[in-house]
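Architecture at a glance
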Amino acid sequence: MSSTSVNVGVSKDLRHIPLSYNNADSQTSALRLVLTLFPEWEHDEGKIEFIRFTDGITNTLLKAVKRRPGYTEEQIDNEAVLLRAYGKGTEVLIDREKEAKSHSLLSQHKLAPPLLARFQNGLIYKFIRGRVCSSQDLTTEPIWRGVARRLGEWHATLPIVAAGETAVVADAAEVPLTTTIPASLPSLAKIHAITPGKPTPNVWTIMQKWVFALPTTSEAEIQRKEVLQQELERTVFELGELPGLGGNGLVFGHTDLLSGNVIVQPRPAANKDFPIETVAFIDYEYAVPSPAAFDIANHFAEWGGFNCDFSVLPTRSVRRKFIEEYIRSYASHTKLQEQDKVASRLSEEIDMFRGVPGLYWGIWALIQATISQIDFDYASYAEDRLGEYWAWRAEEDGSRAKKGEEKPLRERRWAEE
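Residues numbered from 1 in each chain as written. Predicted model: local features only at pLDDT ≥ 70, side-chain atom pairs only at ≥ 80, totals over all residues. Heavy atoms only, no water.

An unreviewed UniProt entry lists the protein under the name ethanolamine kinase, with Stereocaulon virgatum as the source organism. You can read under Sequence similarities (unreviewed entry) in the UniProt record for the protein the words "Belongs to the choline/ethanolamine kinase family." (UniProt positions renumbered as here; feature names shortened; annotations may be inferred.)

Now for the pattern of salt bridges. For the structure shown, the criterion picks out 36 salt bridges. Put simply, glutamate 231 and arginine 234 hold a salt bridge, and the shortest N to O gap is 3.2 Å. Placement of both glutamate 231 and arginine 234 in helix H8 (residues 219-239) is noted, with a separation of three residues, approximately one turn of the helix. Counted as one network, the salt bridges with shared partners bring together Arg84, Arg96, Glu99, Asp283 and Glu285. (Salt bridge = Lys/Arg side-chain N within 4 Å of Asp/Glu carboxyl O. Helix = DSSP H or I, 4+ residues; strand = E, 2+ residues; numbered from the N terminus.)

The subject of this paragraph is the nonpolar core. In terms of nonpolar packing, the biggest core is built from 82 residues, with Trp204, Tyr326 and Leu346 touching the most fellow members. Residues within four places of tyrosine 326 in sequence aside, it is in contact with Ala148, Leu151, Gly152, His155, Leu245, Ala292, Ile296 and Leu346. Judged by nonpolar contacts, the second largest core, of 19 residues, contains Leu33, Val34, Leu62 and Ala64. (Core = buried A, V, L, I, M, F, W, Y, C linked by side-chain atoms within 4.5 Å. Buried < 20%, exposed > 50% of the residue type's maximum accessible area, 1.4 Å probe, protein only. Contact = heavy atoms within 4.5 Å.)

Between two packed helices, what matters for the description is the angle formed by their axes and the separation of those axes. For the pair helix H10 (residues 316-332) and helix H11 (residues 339-353), the least separation of the axes is 9 Å and the interaxial angle reads 125 degrees. The pairing of H10 with H11 is recorded here as oblique in orientation. By crossing handedness, the relation of H10 to H11 is classed as right-handed. Counted together, Arg319, Ile323, Tyr326, Ile327, Arg328 and Ala331 of H10 and Gln339, Val342, Ala343, Leu346, Ser347, Ile350 and Asp351 of H11 form the full contact between these two elements. Partitioning the contact of H10 with H11 into residue classes produces eight nonpolar, two polar and three charged. (Axes fitted to C-alpha atoms, helices over the stretch in contact; angles between N-to-C directions. Parallel < 35°, antiparallel > 145°, perpendicular 65-115°, else oblique. Left-handed = near helix turned anticlockwise from the far one by under 90°. Nonpolar A, V, L, I, M, F, W, Y, C, P; charged D, E, K, R; others polar.)

To continue, consider unusual backbone geometry. In this model, threonine 200 is joined to proline 201 through a cis peptide bond whose omega is 5 degrees. Mapping proline 201 onto the fold places it in the loop between strand E10 (199-200) and helix H7 (203-213). A positive phi is found at aspartate 283, a non-glycine position, where the angle reads about 60 degrees. With respect to the helices, strands and loops of the structure, aspartate 283 is situated in the loop between strand E13 (279-281) and strand E14 (288-290). Even without being glycine, cysteine 308 reaches a positive phi, approximately 55 degrees. On the accessibility criterion, cysteine 308 (12% relative accessible area) is buried.

Quick look at the packing of helix H9 (residues 292-301) against H10 now. Look at H9 against H10: their axes get within 12 Å of each other, and the N-to-C directions meet at 130 degrees. When the axes of H9 and H10 are compared, the pair comes out oblique. H9 and H10 meet at a crossing whose hand is right-handed. When H9 is examined against H10, the residues Ala292, Ile296, His299 and Phe300 are found in contact with a partner set consisting of Arg319, Phe322 and Tyr326. Residues of the contact of H9 with H10, tallied by class, amount to five nonpolar, one polar and one charged.

Before going further, it helps to spend a moment on the sheet that holds E13. Spatially, E8-E12-E13 is the arrangement adopted by the three strands of the open sheet, whose pairing is antiparallel. Of all the strands in the sheet, just strand E8 (131-132) and E13 have a single pairing partner and so form its edges. Judged from the two bridges that link them, E8 and strand E12 (residues 262-264) form a sheet pairing that is antiparallel. Bridge assignment links arginine 131 to a residue of E12, and that residue is valine 264. Across the sheet, helix H5 (residues 141-157) is in contact with E8, E12 and E13; its angle to E13 comes to roughly 50 degrees. (Pairing = 2+ DSSP bridges.)

The subject of this paragraph is helix H13 (residues 378-396). In this model, H13 (19 residues) spans 27 Å end to end at C-alpha, consistent with the 27 Å of a helix rising 1.5 Å per residue. For H13, every residue scored as buried is listed here: Tyr378, Tyr381, Ala382, Arg385, Leu386, Glu388, Tyr389, Ala391, Trp392, Arg393, Ala394 and Glu395. Elements in contact with the buried residues of H13: H8, H9, H11, helix H12 (356-371), helix H14 (399-402) and helix H15 (409-415). In the stretch just after H13, glycine 398 is the one whose phi turns positive, near 80 degrees. (Expected span 1.5 Å × (residues − 1).)

According to the stated counting rule, one finds 24 aromatic pairs in the structure shown. Pairing phenylalanine 294 with tyrosine 360 gives two aromatic rings, centres 5.2 Å apart and planes at 65 degrees, and the pair type is edge-to-face. Remark: tyrosine 360 occurs in helix H12 and phenylalanine 294 occurs in helix H9; sequence separation between them is 66 residues. Judged by its relative accessible area of 0%, phenylalanine 294 falls in the buried class. Since its relative accessible area comes to 1%, tyrosine 360 is described here as buried. Following the ring pairs from residue to residue traces out a cluster consisting of Trp210, Tyr286, Phe294, Phe306, Tyr360, Trp361, Trp364, Phe376, Tyr378 and Tyr381. Seen from the ring of tyrosine 86, arginine 96 lies directly overhead, with NZ or CZ sitting 3.8 Å from the centre. Over the ring of tryptophan 414 we find arginine 319; its NZ or CZ atom is 3.9 Å from the centre of that ring. (Phe/Tyr/Trp six-rings, centres within 6.5 Å; stacked < 30°, edge-to-face > 60°. Lys NZ or Arg CZ within 6 Å of the ring centre and 35° of its normal.)

And the structure:
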């Protein structure tokens, strides 16, 4: 294996608070953290309030505000911070050191709010003013065009190797894509081996890490793990070498653009009639180099929300307009030529990737079902998301048609013009 050093990391000046957030004692532990960072808040006039956000299903997110007398809501928000505490056991799924580095990278590019401090089980960063989207919001044209523009900027400007201090490139000769990963390889080498010749970590190596972490306490779980490993290797073999955008066919992806991670920002008075909203993205724990087609296909899947309402997914014509908006934004930050040709190719790749987010989040949910303390039915969600993947496979290989079965709603919606 070869490696490349990358001079991007978390600032040495970033404060570390040696305290933890305790969900069972939320108010007290959160207050202790905030007052450690802002001791003056304790004695200054005005109440300290915490607002809990419930859009995520992994972490606890609190907004801390100081309600100073005479301040407007905008002034209060400008001083507010977000406190994000990690879900219990999620280190199996998420590299928290990499997340902090990703946040720092995004902040350097003005694509994330400043990171203020780390604590034992979370981060504190500046609050972004705006409105959190609902899944219904994502389907409205002013917002999806805003998402397309912002995502094009992300993919065009962020360096993929900055997801960690070191980008490891697996030797392509060591593990050919046409072979099963050898059992004799060390565990980290096995993770890297899923995408030989590409910088790691990337979305494929993350999925490999998750498959390795799947429970194996019963024969059924062992068999399921073996099947999902085969499907991951099959998917990487088929899609891992598509040309895509960026270096090595990878861009720096958000890979978790659900509605709760899209913020519609306030409009300046001069732009109140502008037809496209300005949006920002938050929560970068899954940000990692990925094919642009995966990041976009994953966002389209999130139009249906946690309830997986396939009837609202973008049709072919809407996807085409989204991609055109995205490519215009991408090109405005790069020297991209032949935009129409690139948009057509990207559209084809997104179509090829449409079932992969189901595999990604299905594996994730199987792990969450065993570790999470959040009140969410991860087991059912895993079946729903893996069902998307299997439905896509059945459509692609023709097995659904051969059996004379009805085309499922998700595939019907995807094919609509």
